[in-house]
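Each chain is listed here by its residues.
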Amino acid sequence: MPVPNRHPPTTRHRAAALLVAALLLLVVVPATLHAWGAYGHRLAATAAVAALPNDMPKFFRDAGRQLTYLNPEPDRWRGGEEGRYDTALSDATAPDHFIDLEFIPAKRRAGVLAAESRFAFADSLTAIGVDPAKVGMLPFRVLELTQRLRAGFRLWRAAPDAETRGWIEQRIINDAGILGHYVTDGANPAHTSIHFNGWVGENPNGYATDRRFHSRFESAFVEANVTTADLHAAMRGAPRPIVHADLRAAINAYVARSNAQIEPMYRLDKVAAFGPENRRPEHQAFAAERLAAGATMLRDLWWTAWVTSAPAPDSAGRR
């Protein structure tokens, strides 16, 4: 299905005014931009679960099917039957699915993305003359949900009884599954760039400008060419916890690596257009690598939330 412009002129200025008035980055993105489609999201979640260390709590490893089901969940909130009555939900959650890095001047990018919260991020953009309503909030959504997951694990460790622990487990699985959606979104270069659905602006290399580009790659091509086995083969490295002080930087670096692949993706499409009939191995390897990057990051964030939820040892080495 064609993907409309994320910033339609009929709503852009109204959204910016509301943002300035109430710090609500909530009303600018149509509900039909779904990264990877449900198929790709499920692939990434399945691969992430399979790559978890055995030291991850058993209840979490046993929830693989539920975590896989939940990965596409935020896309189910957008539009559809609910959107027929009121678009508040889809409008409110839409900015969490992307960040258009090109809107942030390169020399200011690191400092702006280091903001303490999404609201400080919006203030920083406004201060340098960039409309926050255009940019998106994906790294902050990933950070927020990772922190929520760590808080859940911390409560689970301290649960006073089995019944309470079971309730906390439900909360943990839900948060972990929803986190997976946004991490997987971030692996798609189109969710980090203004060129999310056809090249925009100056185009000296003659890249595709059709408004089907997004769905041609993420849905039609991926469904026809990529399997969970491909992701397992493309995943690299052992699970690694990210220390608390480095978490924000690690998420921003992950998004930047994805953004760096936007032009290689368009170059591949120029050689042979992405679509279900395209069976070229270099195109398949690119899509598998991107989904594997998402699965790897998701595994590491789940593992990080668990490991860093443990109490710090006291001066005597006890916990």
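Since the model is a prediction, treat every value here as computed from it, not as a measurement. (Residues numbered from 1 in each chain as written. Predicted model: local features only at pLDDT ≥ 70, side-chain atom pairs only at ≥ 80, totals over all residues. Heavy atoms only, no water.)

Engineer: I'm lost on the overall build of the chain in this one. Help?
Structural biologist: Scanning the chain from N- to C-terminus turns up 16 helices and 0 strands. For the chain, the residues scored as buried account for 52% of the 319 residues in total. Across the chain, the fraction of contacts at a sequence separation of at least 24, relative to all contacts at a separation of at least 6, is 77%. Total accessible area on the chain stands at roughly 14200 Å², and carbon and sulfur atoms take up 56% of it. (Helix = DSSP H or I, 4+ residues; strand = E, 2+ residues; numbered from the N terminus. Buried < 20%, exposed > 50% of the residue type's maximum accessible area, 1.4 Å probe, protein only. Contact = heavy atoms within 4.5 Å. Areas by Shrake-Rupley, 256 points an atom, 1.4 Å probe, with all protein chains shown as cover.)

Engineer: How should I be thinking about helix α15 (residues 262–271) in this particular structure?
Structural biologist: When α15 is considered as a whole, its buried residues turn out to be Ile 262, Pro 264, Met 265, Tyr 266, Leu 268 and Asp 269. Elements in contact with the buried residues of α15: α12 (213–225), α14 (247–259) and α16 (281–307).

Engineer: Before we go on, may I ask you to explain the side chain of Thr 304 in this structure?
Structural biologist: Take Thr 304: it is sitting in helix α16. If we ignore the near neighbours within four places in the chain, the residues touching Thr 304 are Arg 240, Pro 241 and Ile 242.

Engineer: Can you help me understand the environment of Phe 286 in this one?
Structural biologist: Mapped onto the elements of the fold, Phe 286 is located in helix α16. Judged by relative accessible area, which is 9%, Phe 286 ranks as buried. In contact with Phe 286, not counting residues within four places along its chain, are Pro 189, Phe 217, Gln 261, Pro 264, Met 265 and Leu 268.

Engineer: In this structure, what is going on with the environment of Phe 140? I would like to understand it.
Structural biologist: With respect to the helices, strands and loops of the structure, Phe 140 is situated in helix α10 (residues 138–157). Owing to a relative accessible area of 3%, Phe 140 belongs among the buried residues under this scheme. Sequence spacing of Phe 140 and Tyr 182 is 42 residues, and the spatial spacing of their C-alpha atoms is 10.0 Å. Apart from the residues lying within four places of it in its own chain, the contact partners of Phe 140 are Leu 113, Ala 115, Ser 117, Arg 118, Phe 121 and Arg 248.

Engineer: Please explain the packing of aromatic side chains as it appears in this structure.
Structural biologist: Remark: the centre distance and the inter-plane angle together describe each pair of aromatic rings, the angle taken between the planes. A full pass over the atoms with the stated rule returns 15 aromatic pairs. Pairing Phe 60 with Phe 153 gives two aromatic rings, centres 5.9 Å apart and planes at 45 degrees, and the pair type is tilted. Linking Phe 60 in helix α3 (residues 58–61) with Phe 153 in helix α10, this pair joins segments that are 93 residues apart in sequence. Neither residue differs from the other here; Phe 60 and Phe 153 are each classed as buried. Considering the side-chain rings of Trp 199 and Tyr 266, the 5.2 Å spacing of their centres and the 80 degrees angle between planes classify their relative orientation as edge-to-face. You can see Trp 199 sitting in the loop between α11 (162–187) and α12 and its partner Tyr 266 sitting in helix α15, a full 67 residues away along the chain. The exposure classification of Trp 199 matches that of Tyr 266, with both residues buried. (Phe/Tyr/Trp six-rings, centres within 6.5 Å; stacked < 30°, edge-to-face > 60°.)

Engineer: Just to check I follow, could you spell out the packing of helix α2 (residues 37–50) against α11 for this structure?
Structural biologist: For any two helices packed against each other, the geometry is given by the interaxial angle and the distance between the axes. Running from N to C, α2 and α11 point in directions that differ by 110 degrees, and their axes come no closer than 10 Å. It follows from the interaxial angle that α2 and α11 lie roughly perpendicular. Contacts from Gly 40, His 41 and Ala 44 of α2 reach α11 at His 181, Thr 184 and Asp 185. Of the residues contributing to the contact of α2 with α11, the split by class is 1 nonpolar, 4 polar and 1 charged. (Axes fitted to C-alpha atoms, helices over the stretch in contact; angles between N-to-C directions. Parallel < 35°, antiparallel > 145°, perpendicular 65-115°, else oblique. Nonpolar A, V, L, I, M, F, W, Y, C, P; charged D, E, K, R; others polar.)

Engineer: Is there a simple way to think about the nonpolar core in this case?
Structural biologist: Ranked by size, the top nonpolar core spans 78 residues in total, and within it Phe 60, Phe 121, Phe 153, Leu 179 and Trp 302 carry the most contacts. A per-element tally of this core places α16 first, with 13 residues. Discounting chain neighbours no more than four positions away, the residues touching Leu 179 are Val 142, Leu 145, Thr 146, Leu 149, Leu 298, Leu 301 and Trp 302. (Core = buried A, V, L, I, M, F, W, Y, C linked by side-chain atoms within 4.5 Å.)

Engineer: Honestly, the confidence of the model for the chain in this entry has me stumped. Any pointers?
Structural biologist: Of the residues in the chain, 87% reach a pLDDT of 70 or more, and the chain-wide mean stands at 88. Taken as a whole, residues 7–33 scores under 50 in pLDDT and shows 61 contacts with residues more than four places along the chain or in a different chain. In the model, residues 315–319 has pLDDT below 50 throughout and makes 6 contacts with residues more than four positions away in sequence or in other chains. (pLDDT = per-residue confidence, 0-100.)

Engineer: Can you help me understand the side chain of Ser 309 in this one?
Structural biologist: In this structure, Ser 309 sits in the segment after α16. Looking at Ser 309, its side chain comes within polar contact range of the main-chain oxygen of Trp 306, at 2.6 Å. (Polar contact = N/O pair within 3.5 Å; in protein donor to acceptor, adjacent residues only side chain to side chain.)

Engineer: I would appreciate a short explanation of the pattern of salt bridges in the present structure.
Structural biologist: Two side chains that carry opposite charge are able to pair once their charged atoms sit near each other. Applying the stated criterion across every chain yields a total of 13 salt bridges. One salt bridge connects Arg 280 with Glu 282, and the closest N-O pair in it is separated by 2.9 Å. Look at Arg 280 and you get partly exposed, because its relative accessible area is 36%. Between Asp 300 and Arg 299 there is a salt bridge, with the nearest N and O atoms lying 2.9 Å from each other. Residues joined in a network through salt bridges with shared partners are Asp 96, Arg 118, Arg 141 and Glu 144. (Salt bridge = Lys/Arg side-chain N within 4 Å of Asp/Glu carboxyl O.)

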